[in-house]
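# Working through the structure, step by step
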Amino acid sequence: FLKSQFQNKQFTYSVRGGPILNDATIEDAKHVGIDSVCNIVKGSKSPGVIFEESSVLFQKIMKDADLIISKGQGNFESLVDFKLLNPNQNLYFLLKIKCKLMEMIFKKPVGEYILINQKNTDVISIYCFIGRPADSVVKTIADMEHWLR
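This text gives an overview of the structure that appears in the document. (Residues numbered from 1 in each chain as written. Predicted model: local features only at pLDDT ≥ 70, side-chain atom pairs only at ≥ 80, totals over all residues. Heavy atoms only, no water.)

### Thoughts on the overall build of the protein
A count of helices and strands for the protein gives 6 helices and 5 strands. Reading the secondary structure of the protein in the N-to-C direction produces α-β-α-β-α-β-α-β-α-β-α. Buried residues in the protein amount to 33% of all 149 residues. Sequence separation of at least 24 residues holds for 47% of the intrachain contacts in the protein that already meet a minimum separation of 6. Entry remark: accessible area of the protein is about 10300 Å², with carbon and sulfur atoms responsible for 57%. (Helix = DSSP H or I, 4+ residues; strand = E, 2+ residues; numbered from the N terminus. Buried < 20%, exposed > 50% of the residue type's maximum accessible area, 1.4 Å probe, protein only. Contact = heavy atoms within 4.5 Å. Areas by Shrake-Rupley, 256 points an atom, 1.4 Å probe, with all protein chains shown as cover.)

Structure below.
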């Protein structure tokens, strides 16, 4: 649909850098023909985006993109506090509310789909403390509280 509406724009579809959970790989994307409508690039080998661990091509495309549509909770969690590399960029998150935490953040019921622009959200960061040393957790909370003032 987007390609038909914006024929003079280049589109890129990003997949995981390798098999992870149930996310699409480059082989999956090619199997369903995505490569016939746009370029495909590999991101990081994680459930979200780890920019520094992504391919150089992925990093360049992300830096140069006017519009990024990021699908899924893992991408939201890893990119919500991502500093856009270009002030004219727009980063949108498309995801399904799957848990109580996301329900509280977005004030939408579990099961609902949302599309939100990163610039219009007051969510600063989601940080997972599981398995982290107590002093690391305390420091991170203090840093976040200081930053919010």
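### Here's the deal with the pairing of strand β2 (residues 39–42)
Where strand β1 (residues 12–15) lies against β2, 4 bridges are found, and the strand directions are parallel. In the strand pairing of β2, threonine 12 is matched with asparagine 39. (Pairing = 2+ DSSP bridges.)

### Remarks on the side chain of glutamine 73
You can see glutamine 73 is positioned in helix α4 (residues 73–79). With a relative accessible area of 18%, glutamine 73 lands in the buried category. A distance of 2.7 Å separates polar atoms of two side chains, one belonging to glutamine 73 and the other to glutamate 77. (Polar contact = N/O pair within 3.5 Å; in protein donor to acceptor, adjacent residues only side chain to side chain.)

### Considerations on the sheet that holds strand β5 (residues 113–117)
Strand order in the open sheet formed by 3 strands is β3-β4-β5, with mixed pairing between adjacent strands. Every other strand in the sheet has two partners, leaving β3 (67–71) and β5 as the edge strands with one partner each. On average, adjacent strands in this sheet sit at an angle of 15 degrees to one another, irrespective of strand direction. Relative to strand β4 (residues 90–96), β3 runs parallel, the two being bridged by 5 bridges. Counted as the bridge partner of isoleucine 68 is leucine 91 from β4. (Axes fitted to C-alpha atoms, helices over the stretch in contact; angles between N-to-C directions.)

### Concerning the packing of aromatic side chains
Under the defined criterion, the tally for this structure stands at 2 aromatic pairs. Note on phenylalanine 76 and phenylalanine 93: the rings are 5.0 Å apart at their centroids and 90 degrees apart in plane angle, and the pair reads as edge-to-face. Of the two residues, phenylalanine 76 is situated in helix α4 and phenylalanine 93 in strand β4; the sequence distance between them amounts to 17 residues. Judged on exposure class, the residue phenylalanine 76 and its partner phenylalanine 93 are both buried. Measuring from centroid to centroid gives 5.1 Å for phenylalanine 76 and phenylalanine 106, while their planes differ by 55 degrees, and the two rings are tilted. (Phe/Tyr/Trp six-rings, centres within 6.5 Å; stacked < 30°, edge-to-face > 60°.)

### Examining a nonpolar patch on the surface
Taken together, Leu67, Ile69, Leu94 and Leu115 make up a surface patch of nonpolar side chains, about 370 Å² in accessible area. Its place among the elements puts isoleucine 69 in strand β3. Take isoleucine 69: its relative accessible area is 48%, and that puts it in the partly exposed class. (Patch = residues over 30% accessible without salt bridge, like charges linked within 9 Å, V, L, I, M, F, W, Y side chains within 5 Å. Salt bridge = Lys/Arg side-chain N within 4 Å of Asp/Glu carboxyl O.)

### So, helix α3 (residues 56–64)
Note: α-helices contain 3.6 residues per turn, so residues at a spacing of three or four share the same orientation. Along α3, the residues classified as buried are Phe58, Gln59 and Met62. Summarising the axial view, the buried residues of α3 lie within an arc of 100 degrees, below the 170-degree limit, and thus occupy one face. Those residues of α3 that are exposed and aimed more than 90 degrees away from the buried face are Val56 and Lys60. On its buried side, α3 packs onto β1, β2, β3 and α4. (Arc of directions from axis to C-beta.)

### A closer look at the pattern of salt bridges
Enumeration according to the criterion identifies 3 salt bridges in this entry. We note a salt bridge from aspartate 64 to lysine 60, for which the minimum N-O separation is 2.5 Å. In this pair, aspartate 64 and lysine 60 are both assigned in helix α3, 4 residues apart and thus about one turn of the helix distant. Overall, aspartate 64 belongs to the partly exposed group, its relative accessible area being 45%. Across the pair lysine 100 and glutamate 103 runs a salt bridge whose closest N-O atoms are separated by 3.1 Å. Pair noted here: lysine 100 and glutamate 103 are both in helix α5 (residues 100–106), with a separation of 3 residues, about one helical turn.

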